[in-house]
Amino acid sequence: MSVEQRASATDRVLAARERYVARGVATPSLAVARAEGARVWDVDGREFLDFAGGIACQNLGHGPSAVVAAVHEQVDRYLHQCFMVGTYEPYVDLCRRLDELWPGDSETKSILVNSGAEAIENAVKIAHAATGRAGVVVFDRAFHGRTTLTMAMTAKLVYKQGFGPLATDIYRAAAPYPFRGVSTEDALASLDLLFRQDVDPRSIACIVLEPVQGEGGFIPMPPEFVQALRRICDEYGIVYVDDEVQAGCGRTGTMWAIEQLGVEPDLLVSGKTLGGGLPLAAVTGRAELMDGVHVGGLGGTFGGNPVACAAALAVVDELTAPGFAERAEHVGSFLRTRLDEIASRQPVVGEVRGLGPMLAFELREPTPDAAKATTAAAFERGLLLLSCGLDGNVIRLLPPLTASDEELERGLSLLEEALGDAGAVRT
Ligand code: PLP
């Protein structure tokens, strides 16, 4: 038998991946065969509990039956039209649902696109058109995507080094990070300094903020910070863009995280779970802002693909179904209690934080080694986990909000064992 034949199915998939797929797309150790609910099976038949959720795309778990049924039904009708060639109802219906779900009183309109980054790009375009201004304000530890504009808005070197020239007119201010000593007052002082030192607020088109910073380390933005930004936007005619790509679609227990922060944004960007696993993202916003763009100024061949829209309509139905919010709240308090217990036993854990069931813990040491070793050890034990944070030392939990208590409990036990395997904690 040749070496190739003796290798596991996973080894063969990963070897082919290495040969044919660009190495810039990071390679995990997992080769997936199928997935259901909170579980994933690899091509060798190993079962994993999924606390990574395709990076927040599986708030409803893998293959929710209502979403799969909606996709099947749409596939038999038509796969694609291009919304600029033929209007189709799933697109319009989803925009109507997004209007109904808007976190405020304004009348809204939406545009549908293929990815979170594309949606952020469109939100910025809409803000430029509405204000006639160039400047964009973003924050420390932000993640808004990997396209040319959004990598300049994103605050992590790995996503932009070597890819210049970067987009101009992007300005960065501090965001609150109490665990590392940055208060709301510090963050607002940094914005004030930016406006006195670098750019007149009257030349800023939009401020873009994640209500809970995702890739940056699951850092919830304090309501008083978000409310102060809203006041600043109102004072200077700046468009407030709420990036809910990771925090939205029920992840924090409410449809949109900003509902818990007491602010109505001007534009809201959604994605990830919205398409239930199909590529879909949206910009929803006050109708007069959205209509500030001339006809033909927005759009794209695949944006709002009908199959993705059919999936999204079923996703939205599930996220707003009776009992879902209660279940999400239960998942949040269940995870928080267990994480606090782990933290009280393990001094290496610096802080447990998040909003509702969007939770993570940060290791005290600001280096990625222990978190990397922990996610690797978790994988060996059958748990899919992701780290995040500028220093890579935050472990985030993204289990489906539909996971059973038994699955959540098992995942947390595996997580604590993995911390032990990694030598990060006392065992
Ligand atoms: N915005 C936030 C807050 C995100 O977390 C992400 C992706 O992780 C994006 C934007 C970009 O989304 P996509 O990867 O779909 O382009």
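Computed from a prediction, not measured in an experiment: that's the story for all the values here. (Residues numbered from 1 in each chain as written. Predicted model: local features only at pLDDT ≥ 70, side-chain atom pairs only at ≥ 80, totals over all residues. Heavy atoms only, no water.)

K.L.:
When you look at empty space enclosed by the protein in this model, what are you seeing that I'm missing?
P.N.:
Counting across every chain of the model gives two cavities of 30 Å³ or more. Estimates place the volume of the largest cavity at around 40 Å³. Counted by class, the lining of the largest cavity contains three nonpolar, four polar and four charged residues. Both domain 1 (3–63 + 326–421) and domain 2 (66–319) contribute no fewer than three residues apiece to the lining of the largest cavity. The space that makes up the second largest cavity amounts to roughly 40 Å³. Residue lining of the second largest cavity: Cys57, Gln58, Asn59, Leu60, Gly61, Pro64, Thr273 and Gly276, and that is the complete set. Across the lining of the second largest cavity, the residue classes tally to three nonpolar, five polar and no charged. (1 Å grid on protein atoms, 1.4 Å probe; cavity = no way out; pocket = protein on both sides within 12 Å on 5 of 7 lines; lining within 4 Å. Points joined across faces, edges and corners; volume = space filled by probe spheres on them. Nonpolar A, V, L, I, M, F, W, Y, C, P; charged D, E, K, R; others polar. Domains from an automatic or database assignment.)

K.L.:
Got a minute to help me understand the site of the ligand in this structure?
P.N.:
In the vicinity of the ligand, the contacting residues are Ser115, Gly116, Ala117, Phe143, His144, Gly145, Glu210, Glu215, Asp243, Val245, Gln246 and Lys272. One nitrogen or oxygen atom from the side chain of Asp243 is found 2.7 Å from a nitrogen atom belonging to the ligand. Taking Lys272, its side chain carries an N or O atom lying 2.9 Å from an oxygen atom of the ligand. Isolated, the ligand exposes 390 Å² of accessible area, and the fraction of that covered by the protein chains is 82%. Of the residues that constitute the shell around the ligand, the class distribution is three nonpolar, five polar and four charged. (Near = heavy atom within 4 Å. Polar contact = N/O pair within 3.5 Å; in protein donor to acceptor, adjacent residues only side chain to side chain. Areas by Shrake-Rupley, 256 points an atom, 1.4 Å probe, with all protein chains shown as cover.)

K.L.:
Is there a simple way to think about the layout of surface pockets in this case?
P.N.:
A probe matching the size of a water molecule, rolled over the atoms, marks out where space remains unfilled. In this structure, the second largest pocket occupies an estimated 500 Å³ of space. Lining the second largest pocket are 20 residues, and of these Phe83, Tyr91, Ser110, Ile111 and Leu298 sit closest to its centre. Listing elements by their share of the lining of the second largest pocket, those giving two or more residues are helix H5 (89–100) and strand E4 (108–113). In terms of residue count, the dominant contributor to the lining of the second largest pocket is E4 (four residues). Of the residues assigned to the lining of the second largest pocket, the class counts are 11 nonpolar, seven polar and two charged. (Helix = DSSP H or I, 4+ residues; strand = E, 2+ residues; numbered from the N terminus.)

K.L.:
Please explain the environment of Ile111 as it appears in this structure.
P.N.:
Take Ile111: it is sitting in strand E4. Distance from Ile111 to Val331, taken between C-alpha atoms, is 32 Å for residues 220 residues apart in sequence.

K.L.:
Honestly, the packing of aromatic side chains in this entry has me stumped. Any pointers?
P.N.:
The description of an aromatic ring pair uses the distance of the two centres, along with the angle that the planes make with each other. Counted by the stated rule, this structure contains eight aromatic pairs. Each ring, one from Tyr78 and one from Tyr88, has its centre 6.1 Å from the other, and the planes form 65 degrees; the classification is edge-to-face. In this pair, Tyr78 sits in the loop between helix H4 (65–77) and H5 while Tyr88 sits in the loop between H4 and H5, placing the two residues 10 residues apart along the sequence. Note on Tyr88: relative accessible area 3%, which makes it buried. Counting every residue linked through ring pairs, the aromatic cluster contains Tyr78, Phe83, Tyr88 and Tyr91. The aromatic ring of Trp41 is capped on one face by Arg34, whose charged end is 4.0 Å from the ring centroid. Geometry around Phe379 places Arg46 over its ring, the cationic atom sitting 5.7 Å from the centre. (Phe/Tyr/Trp six-rings, centres within 6.5 Å; stacked < 30°, edge-to-face > 60°. Buried < 20%, exposed > 50% of the residue type's maximum accessible area, 1.4 Å probe, protein only. Lys NZ or Arg CZ within 6 Å of the ring centre and 35° of its normal.)

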